[in-house]
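Geometric and topological summary
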Amino acid sequence: MKSKPVRPLLTAIMAVTLALSTAACSSNSATKENTPTAAPQAEATAAPQTEAKLNADEPAWKLDTSPVDLTWFVGANWYAHTWGESLASKYVTEKTGVNVKLEVPSGEANEQVTLMMTSGKLPDLISMGSWETAVKKLWEGDHVYALNELADKYDPYFFKVAGDGTLKWYRQENGNTYGVPNDSYSPNLMHETGMTAANQTFLVRKDLYEEMGKPDLSTPEGFLGALQLLKDKYPEYKGQPISPFFAQGNVPYGMTEYLQNLLAVPHEKDGKVYDRITDPDYVAWLKTFRTAYERGLINVDFLVDSDTQVEEKTNNARYFMMIREWTGMTAVNPMLAAGANPDSYYIAVDGPQNSKGESAKLFPGNMDGWMVTMISKSAENPERAIRFLTYLASEEGQRDLFLGKEGETWDSAGGKPQLKSEFVEMLGSNIEKLEKEYGILDTYWMMRNPVIVNQWRPEKAPVIKQMEDFANAQADIDSGIYKGLDPLGDSDVAVAWSRISQNWEEVLPELITAKDEAAFDKVFESFLSRRDGYGFAQVMEYRQSELDARKAKMAE
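Residues numbered from 1 in each chain as written. Predicted model: local features only at pLDDT ≥ 70, side-chain atom pairs only at ≥ 80, totals over all residues. Heavy atoms only, no water.

Quick notes on the overall build of the protein
Regarding its fold elements, the protein presents 25 helices and 15 strands. Its C-alpha atoms give the protein a radius of gyration of 25 Å, near enough to 24 Å, the size a compact globule of 556 residues would have. Dimensions of the protein, computed from C-alpha atoms along their principal axes, come out at roughly 75 × 55 × 40 Å. A total of 556 residues make up the protein; the buried ones form 54% of that total. The long-range fraction of contacts in the protein, counting pairs at least 24 apart against all pairs at least 6 apart in sequence, stands at 78%. As presented, the protein carries roughly 24,200 Å² of accessible surface, and 50% of it is formed by carbon and sulfur atoms. Of note, the protein has its 56 positive side-chain charges centred 2 Å away from the centre of its 81 negative side-chain charges. (Helix = DSSP H or I, 4+ residues; strand = E, 2+ residues; numbered from the N terminus. Rg over C-alpha atoms; globule rule 2.2 N^0.38 Å. Buried < 20%, exposed > 50% of the residue type's maximum accessible area, 1.4 Å probe, protein only. Contact = heavy atoms within 4.5 Å. Areas by Shrake-Rupley, 256 points an atom, 1.4 Å probe, with all protein chains shown as cover. Lys, Arg positive; Asp, Glu negative; His and termini not counted. Charge placed at Lys NZ, Arg CZ, Asp CG, Glu CD.)

So, in structure tokens, the structure goes:
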């Protein structure tokens, strides 16, 4: 397991950040009386009126705190938070003048953003998964501003807080950067601090797992044996049938990339991008799932259940095993541990392993981060938008959103912000209230910088920390570079990859429900043949080119 006590780099980063903040505060009085900025047109060639008053060492949001509304699309249909009701969001609005109207997709985020691009009307701010096809379309279709150009015009302080490494990582061939990520981790930072964003875990329900004698789930034989024992002795819980298995995101995520990481399937061999889907260990485990289905040990609910059904089963501890991100259990585990059956929460254990018995190599987080936030060209006030992003990216903005208001939700202890004890307790007992009424910690994660906020994060409850520690121990820190190699956008190779991906989503359920191995092999070979026809060779060429480019960027 990696150790986590190494803090020198973090301390150095914070010292620099604090110094910048101090400098900003000291010069604030000189600019506070400036006239509020007008809203220049995007294509205007004349210099903005306030340009002469801009100061690269001073955050420009302080130049204008008059009320302004910004719409913010968050590309996650499960995101249920609002702005303006919680303490933290009200505090930020009072301070900056920016009122945010949060919007989430009613269905699939990519489709909704694509429709909005067609209509020509986009929200002011857009946060989308860094891997989403729509992100590339927004950039290539000239739907969003180059953030470096907006910063040059309206807020050069942005360059101080956005991070030069991050801006370089997302810089396109034309020299522009169109989005800033949250939760971005560099390999060097992870090696030096021990912090990772490792999130993938294999979870089991603690009480059932221990009552069954902690069966070995790492081999096909042990996995099938445990499922058989579950079927024979523990078919129900609280009068409801147990669901033996769940894979988050089913085919595109849980049963493909995630399972391959559990099996430590390599991403490249001899410098060449590896075709992970044909890896013998991966195929062998898909056949194990087929056998489990044939024997009636699993069903297909994990491939078809709605988000609501998954949430209902999770909250009632009706799953036995799960391929799932542990962060999705931070609210559920404390609730289960505080319930009538306190051992019905979930713990991380070794899941499926490859034929060599190697430990998992889990995705550790990377420079891409989780979501990227962009400013659309539909924005009526792009200067307020870039300044708001600057504020949110700064230590001050990170603190305001993560901890709330000093004196109300946090106090300074030994010169360091510290969340009040009642809110630390609330984190383990009533996180819903913590997020809804106070809006602190991880409620508004769209611009979250872990290097900054993790220093203020309270110690996690044991029922959460066990999962986090397990994921960190199996994180493959240098593998983050392999995430995001697939082509996105509207290019021919991106269309080819889209067709292959969609077909794989249809084929994998056929594989698991195949009547026998011969049928499995036939379906699989048929898929590989279609994949070639769609243009898989071009996809592999693209992946290799992208990997080589990423290695070159990382070496800068």
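Alright, that's what it looks like, and here's the rest.
Some remarks on the nonpolar core
Core analysis: the largest hydrophobic core is formed by 86 residues, its most contacted members being Phe 202, Phe 245, Met 255 and Trp 504. The element contributing the most residues to this core is helix H23 (residues 492-512), with 9 residues. Contacts of Met 255, omitting those with residues within four sequence positions, involve Phe 245, Ala 247, Asn 250, Tyr 282, Leu 286, Phe 289, Phe 302, Leu 508 and Ile 512. Among the nonpolar cores identified, the runner-up in size contains 55 residues, and Leu 125, Leu 150, Ala 385 and Leu 434 belong to it. (Core = buried A, V, L, I, M, F, W, Y, C linked by side-chain atoms within 4.5 Å.)

Regarding the pairing of strand E8 (residues 243-247)
Counting buried positions along E8 gives 5 out of 5 residues, so the element sits mostly inside the fold. Pairing geometry for E8 and strand E11 (residues 319-325), over 4 bridges, is parallel. Residue pairing for E11: Ala 247 is matched across the bridge by Ile 323. (Pairing = 2+ DSSP bridges.)

Brief notes about empty space enclosed by the protein
One pass over the structure, following the stated rule, counts 5 cavities of 30 Å³ or more. Taken as a whole, the largest cavity encloses approximately 110 Å³ of empty space. What lines the largest cavity is a set of 14 residues, among which Gln 398, Leu 401, Tyr 444, Met 447 and Arg 448 lie closest to the centre. (1 Å grid on protein atoms, 1.4 Å probe; cavity = no way out; pocket = protein on both sides within 12 Å on 5 of 7 lines; lining within 4 Å. Points joined across faces, edges and corners; volume = space filled by probe spheres on them.)

As for the pattern of salt bridges
If you walk through the whole model with that rule in mind, you get 28 salt bridges. The partner of Asp 57 in a salt bridge is Lys 160, with the nearest N and O atoms 3.2 Å apart. You can see Asp 57 sitting in the loop between helix H2 (28-31) and strand E1 (68-74) and its partner Lys 160 sitting in helix H7 (residues 158-162), a full 103 residues away along the chain. A residue is classified by how much of its surface remains accessible, and Lys 160, at 35% relative accessible area, is partly exposed. Residue Arg 457 pairs with Asp 442 through a salt bridge whose shortest N-O separation is 2.8 Å. Of this pair, Arg 457 sits in the loop between helix H21 (450-453) and helix H22 (462-473) while Asp 442 sits in the loop between helix H20 (431-438) and H21, and the two are 15 residues apart along the sequence. Relative accessible area serves as the criterion here: at 24%, Arg 457 is assigned to the partly exposed category. Residue Asp 442 is classed as partly exposed on the basis of its relative accessible area, which comes to 24%. Connected through salt bridges with shared partners, the residues Lys 95, Glu 396, Arg 399 and Asp 400 form a single ionic network. (Salt bridge = Lys/Arg side-chain N within 4 Å of Asp/Glu carboxyl O.)

Points about the sheet that holds strand E12 (residues 346-348)
Pairing in this open sheet of 4 strands is mixed, and the strands run E8-E11-E5-E12 from one edge to the other. With one partner strand each, in any of the chains shown, E8 and E12 form the two edges of the open sheet. Within this sheet the neighbouring strands show an average axis-to-axis angle of 20°, counted without direction. On top of the sheet, helix H12 (residues 253-262) reaches strand E5 (200-205), E8 and E11; it is set at about 80° to E11, its chief contact. Running at roughly 25° to E12, H22 makes contact with E5 and E12 of the sheet. (Axes fitted to C-alpha atoms, helices over the stretch in contact; angles between N-to-C directions.)

Observations concerning the packing of helix H3 (residues 87-96) against helix H18 (residues 395-403)
If you want to describe how two helices pack, look at the angle between their axes and the distance between the axes. Where H3 meets H18, the axes come as close as 8 Å, and the angle between the chain directions of the two elements is 145°. Residues Ala 88, Tyr 91, Val 92 and Lys 95 of H3 touch H18, and the partners they reach there are Glu 396, Arg 399, Asp 400 and Leu 401. Split into classes, the residues belonging to the contact of H3 with H18 amount to 4 nonpolar, no polar and 4 charged. (Nonpolar A, V, L, I, M, F, W, Y, C, P; charged D, E, K, R; others polar.)

Examining the layout of surface pockets
Sizing a probe to match a water molecule and rolling it over the atoms shows the empty space that remains. Looking at the second largest pocket, its volume works out to about 730 Å³. In this structure, the second largest pocket is lined by 25 residues; those nearest its centre are Lys 136, Trp 139, Gln 172, Tyr 542 and Glu 546. Put simply, the parts of the chain that give the lining of the second largest pocket at least two residues each are helix H5 (133-140) and helix H25 (536-555). Looking at the lining of the second largest pocket residue by residue, the class counts come to 10 nonpolar, 6 polar and 9 charged.

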